[in-house]
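Residue-level structural notes
So the chains spell out like this:
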Amino acid sequence: MKNIVKSLQYIALGTVVLMQTGCKDFLDANSSTATSENVVLSSASQLERVLTATYRQLYFNDQGMDRVYAGLPGLQMYVDLGGADIVSHTNMGGNQVTAYTYEPQKTQTTGLSNGIWTMMYKIINQTNIIIEALPAAQGEETLKNQIMGQAKAIRGLCYFHLIQNYQQTYMLAKQKPGVILRLSPKESENLPRATVEQTYAQIVKDLTDAKSLLANYTQPNKWTIDKYVVSGQLARVYSVMNNWQGAYQEAKTAYTNYSQLMTKTQYQSGFDDVITNNYAEVMWAVPFTTTNNLGGGTQFNFWYNQDESYGEGYTDGPIYSFLDFFADGQYEKLFEKTEDRYQFWKRTKNASKEWSTKWAYNKYKHYGDANGAKQGNTRPEVSLMRGSEMLLIMAEASAQLNNGEGLGYLNRLQTARGVKSLTVAASGTPLLEAIYVERRKELLCEGVTGIYDLLRLQKPLVRIQETATYVEGHYTWGVTNLNGYVASSPAPTGTFPSNDYRMLCQIPQLEIANNTALSEADQNPYSGTN
């Protein structure tokens, strides 16, 4: 870990102190002068500023790679681009294309496998500094509990993303090597991979501790983590662990406070003003501002869905539309054309069939401001957790527990979204499959379906290529790197079996080389399911 993790331990504090001097309109640490490390480590109020800087790293990863590796909003794209429901053009190039096409560099040890690893360990190291220093720091106990709770929640969240991307799912891989549990800035630089089971135990401990510490904390902004967000995160974790009673209870706790689901008008508004418009079901969200944004690197830029009256080019409309993302034809077929979420249409006026034949999708659109196409920065508000997801977790957990409530929860969401043919399967596999489909329909691009659901539910990745009679399918480059692809087939299809390691990442080569507790034998396979 000398180069990837341990070195970050020493620079993290200096980095976050420097970050306190900017960022005046969002995640502002309210400091205009540099502060010594001794003062920061001994003061709860200063450590709170370090926490604010940690949040910023979590959301923007502005010292790392861009686009799909740019904090949680980027990871939302990464997770779903690896699934079956999004089609990505190659015209812009970049990491989002690699995430979609499954080029070997996406996950190989010498390629981009360090993207998520470095991002998450950088944040973990900052939380470790906070957690280590807080007990001896001066300040009110209430404030210290709030800081500790949020720091532990962030650390648990980061380890959850790490383990989902660097090893097979919990129920298959409990005793397989997981990730490196670094829980203190004073630990040795040379640590082995903990098992998957040990990693999840630490995630649950961090989140459970956080929930207790934040019991009396009121969320001051949508971007801060409170007890309801922690319950939502625990519900996600327990769903992977097949702890269905825990998933049900935590999701219900969160849902009870966020049960007013978005209206048709709200859902169709484009998801770019979820904070400003005060959507009641949004539990956790982050705004992009003038000084805190990813430029043109958000999914709001990549979806080719600006109003056709603006034209068909990159800069014809009020934002830079990169003409990159479309919805796959199989995904479009999941929807009733009269339900609230049906927002699909084709760019028929575009001269190129590579664009005009695909389904545009309006869930993510952002028309910027009066500066029009000259605006290089996209500043939407990104939802990170909603009540609808909690309702679907309640439905799935209930179906697994066979408590008779699953169908009711599923129908509640379907009714709220204007679905006419409500699911009638009361239990078993048909109900679970209906819930999975509803997760895809409701939560695309929110970073919880895509690869994560394929791995968690042990489902294969299946993509069907476009043909003359099926123009809405995946581009050729979206299937050629998958198994079973035959170009001459009437419906060329590419697949990965469930839990194929190509949906996961290898441990970065620098980690293997510099951590004496690891050897090449500790490396994940590049492909296969063993």
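Every residue gets a number counted from 1 within its own chain, in the order that chain's sequence is written. Per-residue local features are limited, in this predicted model, to residues with pLDDT of at least 70; the limit for side-chain atom pairs, both in listing and counting, is 80 or more; totals at the level of whole chains, interfaces and linings are taken over all residues. Note: side-chain values were computed over all heavy atoms of the structure, leaving out hydrogens and water.

**Remarks on the overall build of the chain**
Working definition: helices are DSSP H or I runs of at least four residues, strands are E runs of at least two. Numbering for both runs from the N terminus. Scanning the chain from N- to C-terminus turns up 20 helices and eight strands. Scaling as 2.2 N^0.38, a compact globule of 530 residues should have a C-alpha radius of gyration of about 24 Å, and the chain matches this with 22 Å. Seen through its C-alpha atoms, the chain measures out along the principal axes to roughly 65 × 55 × 45 Å. A simple rule labels every residue: compare its accessible area, found with a 1.4 Å probe on the protein chains alone, to the largest value its type can have, and call it buried under 20%, exposed over 50%, or partly exposed in between. Counting all 530 residues of the chain, 62% fall into the buried class. Any two residues having at least one pair of non-hydrogen atoms within 4.5 Å are treated as being in contact. If you take every contact in the chain between residues at least 6 apart in sequence, the share linking residues at least 24 apart comes to 70%. Only C-alpha atoms enter the radius of gyration, while the globule expectation follows 2.2 Å times N to the 0.38, with N the number of residues.

**Quick word on the packing of aromatic side chains**
How two aromatic rings sit relative to each other is set out by the distance from centre to centre and by the angle between their planes. Any pair of Phe, Tyr and Trp rings, taking the six-membered ring for Trp, is counted once the centres come within 6.5 Å. Such a pair is stacked with planes under 30 degrees apart, edge-to-face with planes over 60 apart, and tilted for the rest. For the structure shown, the criterion picks out 29 aromatic pairs. Geometrically, the ring pair formed by Y121 and Y159 is edge-to-face, given 6.1 Å between the ring centres and 80 degrees between the ring planes. Taken as a pair, Y121 in helix α6 (residues 114-133) and Y159 in helix α7 (residues 141-166) lie far apart in primary sequence, 38 residues in all. Each member of the pair, Y121 together with Y159, is buried. Among the aromatic residues, those joined into a cluster by ring pairs are F302, W303, F322, F325, Y331, F335, Y342, F344, W359 and Y361. Sitting above the plane of the F271 ring, K363 keeps its charged end 5.0 Å from the centroid. Directly above the ring of F335 sits K441, whose terminal nitrogen or CZ lies 5.3 Å from the centroid. Two limits define a charge over a ring: the Lys NZ or Arg CZ must be within 6 Å of the ring centre, and within 35 degrees of the ring normal.

**What about the pattern of salt bridges?**
Salt bridge criterion: a side-chain nitrogen from Lys or Arg within 4 Å of a carboxyl oxygen from Asp or Glu. The tally for this structure, following the rule as stated, stands at 27 salt bridges. For the salt bridge of D85 with R440, the shortest nitrogen-to-oxygen distance reads 2.7 Å. One end of the pair, D85, is in the loop between α4 (71-81) and β1 (86-88); the other, R440, is in helix α18 (residues 428-443), and 355 residues separate them in sequence. For the salt bridge of E442 with R386, the shortest nitrogen-to-oxygen distance reads 2.9 Å.

**Re the state of the cysteines**
In this description, a disulfide is simply a cysteine sulfur pair whose atoms lie within 2.5 Å. Tallying each qualifying case throughout the model produces zero disulfides. Considering cysteine sulfurs only, C505 is the nearest to C158, which forms no disulfide, with 15 Å between them. Unpaired in this structure, C445 has its nearest cysteine sulfur neighbour in C505, at a distance of 19 Å. In this structure C445 comes out as buried when scored by relative accessible area, which is 1%.

**Comments concerning the nonpolar core**
Residue types Ala, Val, Leu, Ile, Met, Phe, Trp, Tyr and Cys, when buried and joined through side-chain atoms within 4.5 Å, form a set referred to as a nonpolar core. Core analysis: the largest hydrophobic core is formed by 150 residues, its most contacted members being Y59, Y200 and W284. With 13 residues, α7 is the single largest residue contributor to this core.

**What about the pairing of strand β7 (residues 461-464)?**
Remember that side chains alternate between the two faces of the sheet whenever the strand is regular. Side chains L461 and R463 of β7 all project onto a buried face; the interleaved residues V462 and I464 project onto a face where none is buried. Here four bridges tie β7 to strand β8 (residues 493-496), and the two strands are oriented antiparallel to one another. For L461, the partnering residue across the bridge sits in β8 and is F496. Paired strands, as defined in this entry, are two strands with at least two bridges between them according to DSSP.

**Focus on the pairing of strand β6 (residues 381-386)**
Of all six residues in β6, six are buried, a share of seventy percent or more. Both strand β2 (residues 282-287) and β6 contribute to a ladder of five bridges, which runs antiparallel. Following the sheet pairing, V282 is matched in β6 by R386.

**Quick notes on the environment of E48**
With respect to the helices and strands, E48 occurs in helix α3 (residues 44-60). The exposure class of E48 is partly exposed, given its relative accessible area of 35%. When the C-alpha positions of E48 and I147 are compared, they lie 6.2 Å apart, and in sequence the two are 99 residues distant. Other than its neighbours up to four places away in sequence, E48 contacts L143 and I147.

**A few points about the side chain of T107**
Residue placement: T107 occurs in the loop between α5 (95-101) and α6. When neighbours within four sequence positions are excluded, T107 is seen to be in contact with Y78, S113, R502, L504, C505, Q506 and Y526.

**Observations regarding the confidence of the model for the chain**
Caution is warranted with low-pLDDT regions, since their predicted coordinates should not be read in detail. Values of pLDDT, which run from 0 to 100, indicate the predictor's confidence residue by residue. For the chain, the average pLDDT comes to 90, and 91% of its residues sit at 70 or higher. This model gives residues 1-25 a pLDDT under 50, and the stretch forms 73 contacts once residues within four places in sequence are excluded. Counting contacts from residues 28-35, a segment whose pLDDT is below 50, to residues more than four positions away or on other chains yields 17 contacts.

**Some thoughts on unusual backbone geometry**
Backbone geometry places R67, a non-glycine residue, at a positive phi of 55 degrees. Secondary-structure assignment places R67 in the loop between α3 and α4. For R67, a relative accessible area of 16% translates into the label buried. Unusually for a residue other than glycine, N499 sits at a positive phi of about 70 degrees. Within the secondary structure layout, N499 lies in the loop between β8 and α20 (509-514).

**A word on helix α11 (residues 244-257)**
For an α-helix the count is 3.6 residues per turn, leaving residues at separations of three or four pointing the same way. A helix is expected to span 1.5 Å multiplied by its residue count minus one. Look at α11: 20 Å from first C-alpha to last across 14 residues, which is about the 20 Å you get at 1.5 Å a residue. Every buried residue of α11 is accounted for by W244, G246, A247, Y248, E250, A251, A254 and Y255. Lining the buried residues of α11 we find α9 (196-213), α10 (227-241), β2, α16 (387-401), α17 (406-416) and α19 (450-456).

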